[in-house]
Amino acid sequence: MASVAYPSCLPVQQFISRPLSRSVPSHSSEPSTSTPKPPTPRSRTRRISTLDSNHIQPSDYIYLSTHQTAYVRIAPRGSQDEYGRVILRYEIAGHDYTPFPQGTRGYLYYARAHDLAEGGQVRFRVVAAPGDFAAGTDLLFPGGGPWHVRPGLFSGRNNSALAKLLLRDGLVTRAQLAVWDSFPKSLTRTTVVARFGQPFQLDFTLYAPCFWIRTSDRARAVRFWLAKGNYLSRGTGLVCLEPSPLPEHAGRRIAVMRVLEILEPAECQPGLRFVPFLPVPGELLVHPRSGWVVSFEDGRDSPRKYGLESLWEDYERSKSDGEATP
């Protein structure tokens, strides 16, 4: 019988299991000396108890840095209940949210300001570490001016807790909140004017900007025509409305706009066949093409008429009381 050839066998060592390289942890009766890591700024719960800068505590210190949307819980000191949470956003352009700048940490607080149409604003004081509130500086919008929560949003469900806290702290009245309720509900910045001489930011490229003028009990949207076309490609500045000082306007209720400061130099649109008149600090605003002074008269029945009437009434009242006028 022929023999059958079997394949050669593999070395037996390849079938011997090798010891595991992982070391088995030794059990010790001694407690572990490792300490838990402290919470990072992003993991801390944002919670505040007051908006009164005179009573702010280190526990009211919050971080907003690099967040597009920040949620803050409102828990008044001495109360067992929370008022809810508020939603904070830095800036919005179209559908794009700009995140809070790097290093935005500090305190939300209410700033009283009689020169503001709102009478005050909920701002953010940037402080490097919990401690001296007065040593910090206010957070600014990208184009300048103190960042603040839009007052027209306080009546909404996302910010009503702020309104409750303002009332509890005695910082505002219900009448003031009712006026704020008539303010624009937009998330974008809006201009609200309450008196002649109040500085506000103006985009010189807009030939028909819309402002909000605060009356005694509400705010009205008012459109001001500055030119009959768009002649400037860029440029912003601080301006104010004031009674016209021109002799030809004597005895008439005519308002003009004075340029207080240039924030971004104005530039002409390319291809113009003429050199437009550019805004000059300290001078009255003029039409870019004609050079005529931009003026507004409260003539026919319109929102602008009622808005300007409110400014004129406040101006004449201040004159009768002997206050300084623009």
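Our subject is the structure that appears above.
Our subject in this report is the structure included herewith. (Residues numbered from 1 in each chain as written. Predicted model: local features only at pLDDT ≥ 70, side-chain atom pairs only at ≥ 80, totals over all residues. Heavy atoms only, no water.)

1. Points about the sheet that holds strand 8 (residues 120-126)
Short version of the rule: Strands pair, by our definition, only if DSSP identifies at least two bridges between them. Strands here are runs of E lasting at least two residues and helices are runs of H or I lasting at least four, both read from the DSSP assignment and numbered beginning at the N terminus.
Spatial strand order, 2-7-8-9: four strands in an open sheet with antiparallel pairing. Edge strands, defined here as strands with exactly one partner in the open sheet, are strand 2 (62-63) and strand 9 (137-138). Pairing of strand 7 (residues 105-112) with strand 8, which is carried by seven bridges, proceeds in the antiparallel orientation. Bridge assignment links Tyr107 to a residue of strand 8, and that residue is Arg125.

2. Description of the packing of aromatic side chains
We apply this condition: Side-chain rings of Phe, Tyr and Trp, where Trp is taken by its six-membered ring, are said to pair if the distance between their centres is within 6.5 Å; with planes under 30 degrees apart they count as stacked, over 60 as edge-to-face, and otherwise as tilted. To sort residues, take the accessible area from a 1.4 Å probe on protein chains only and compare it with the maximum for the residue type: under 20% means buried, over 50% means exposed, and anything in between is partly exposed. We call a charge positioned over a ring when the NZ of a Lys or the CZ of an Arg lies within 6 Å of the ring centre and within 35 degrees of the ring normal.
Scanning the entire structure with this criterion turns up nine aromatic pairs. Their ring planes at 85° and their centres at 5.6 Å tell us that Tyr61 and Tyr63 sit as a pair that is edge-to-face. The pair Tyr61 / Tyr63 is uniform in exposure class, with both members buried. Each ring, one from Tyr90 and one from Phe100, has its centre 5.6 Å from the other, and the planes form 40°; the classification is tilted. Of the two residues, Tyr90 sits in the loop between strand 4 (84-89) and strand 5 (91-93) while Phe100 sits in the loop between strand 6 (96-98) and strand 7, which places them 10 residues apart along the sequence. Summarising the burial analysis for this pair, Tyr90 and Phe100 share the class buried. Taken together, the ring pairs in this structure connect Tyr61, Tyr63, Tyr107, Tyr109 and Phe133 into an aromatic cluster. Of note, Arg125 hangs over the ring of Phe133, and the distance from its end group to the ring centre comes to 4.5 Å.

3. Points about the nonpolar core
Spelled out, the test is: Here, the term nonpolar core denotes a set of buried Ala, Val, Leu, Ile, Met, Phe, Trp, Tyr and Cys residues that are joined through side-chain atoms within 4.5 Å. Residues count as neighbours in contact if any of their non-hydrogen atoms are within 4.5 Å of one another.
Within the largest apolar cluster, 32 residues are counted, with the highest numbers of intra-cluster contacts made by Leu51, Leu88, Leu108 and Trp147. For this core, the leading source of residues is helix 1 (residues 160-168), giving five residues. Filtering out sequence-adjacent residues up to four positions away, Trp147 remains in contact with Leu88, Arg89, Tyr90, Phe100, Leu108, Val122, Arg123, Phe124, Leu139, Leu140 and Phe141. Among the nonpolar cores identified, the runner-up in size contains 24 residues, and Phe204, Ala255, Phe296 and Trp312 belong to it.

4. Points about helix 2 (residues 174-181)
Operational definition: It is the directions from the helix axis to the C-beta atoms that the arc portrays.
Looking only at helix 2, the buried set comprises Gln176, Leu177, Val179 and Trp180. All buried residues of helix 2 lie within an arc of 155° about the axis, which places them on one face of the element. Opposite its buried face, helix 2 presents the exposed residues Arg174 and Ala175, each directed more than 90 degrees away. Buried positions along helix 2 lie against strand 7, strand 8, helix 1 and strand 12 (210-214).

5. Description of the side chain of Asp138
For the record, the criterion: N or O atoms closer than or at 3.5 Å make up a polar contact, with two conditions inside protein: a donor-capable atom paired with an acceptor-capable one, and, for residues adjacent in sequence, both atoms drawn from side chains.
Among the secondary structure elements, Asp138 is positioned in strand 9. Side chain to side chain, Asp138 and Tyr109 meet in a polar contact 2.8 Å long. A polar side-chain atom of Asp138 sits 3.3 Å from a polar atom in the side chain of Arg123.

6. Quick word on the environment of Arg123
Turning to its location among the elements, Arg123 is positioned in strand 8. Accessibility expressed as a relative area gives 13% for Arg123, which makes it buried. Along the backbone, Arg123 and Tyr109 are 14 residues apart, and their C-alpha atoms lie at a distance of 5.6 Å.

7. Quick notes on the pattern of salt bridges
Rules: In what follows, salt bridge is the name for a side-chain nitrogen of Lys or Arg lying within 4 Å of a carboxyl oxygen of Asp or Glu.
This model, assessed by the stated rule, comprises six salt bridges. With a closest N to O distance of 2.9 Å, Asp138 and Arg125 form a salt bridge. Taken as a pair, Asp138 in strand 9 and Arg125 in strand 8 lie far apart in primary sequence, 13 residues in all. Each member of the pair Asp138 and Arg125 is classed as buried. The salt bridge involving Glu267 is made with Arg234; its shortest N-O contact spans 3.7 Å.

8. As for the sheet that holds strand 16 (residues 295-297)
The criterion, for reference: Axes here refer to lines fitted to C-alpha atoms; in helices the fit is confined to the stretch in contact. Angles between the N-to-C directions go from 0 to 180 degrees.
Taken together, the four strands give an open sheet; going across it, the order is 11-14-15-16, and neighbouring strands pair in antiparallel fashion. Unpaired on one side and paired on the other, strand 11 (200-203) and strand 16 mark the two borders of the sheet. Averaged over all pairs of adjacent strands, the angle between their axes in this sheet comes to 30°, without regard to strand direction. Where strand 11 meets strand 14 (residues 232-243), four bridges bridge the pair, whose relative direction is antiparallel.

9. Let's talk about the environment of Val86
As for its position among the elements, Val86 is in strand 4. Classification of Val86 by relative accessible area gives buried; the value is 0%. With 75 residues separating them along the chain, Val86 and Ala161 place their C-alpha atoms 6.5 Å apart.

10. Considerations on the pairing of strand 8
Of all seven residues in strand 8, six are buried, a share of seventy percent or more. Examined bridge by bridge, strand 8 and strand 9 share two bridges and lie antiparallel to one another. Pairing of Val126 across the sheet is with Thr137, part of strand 9.

11. So, helix 1
All of the buried residues in helix 1 are Ala161, Leu162, Ala163, Leu165 and Leu166. Residues of helix 1 that are buried sit in contact with strand 1 (47-48), strand 3 (69-74), strand 4, strand 7, strand 8 and helix 2. Remark: Gly170 follows helix 1 within two positions and exhibits a positive phi of approximately 70°.

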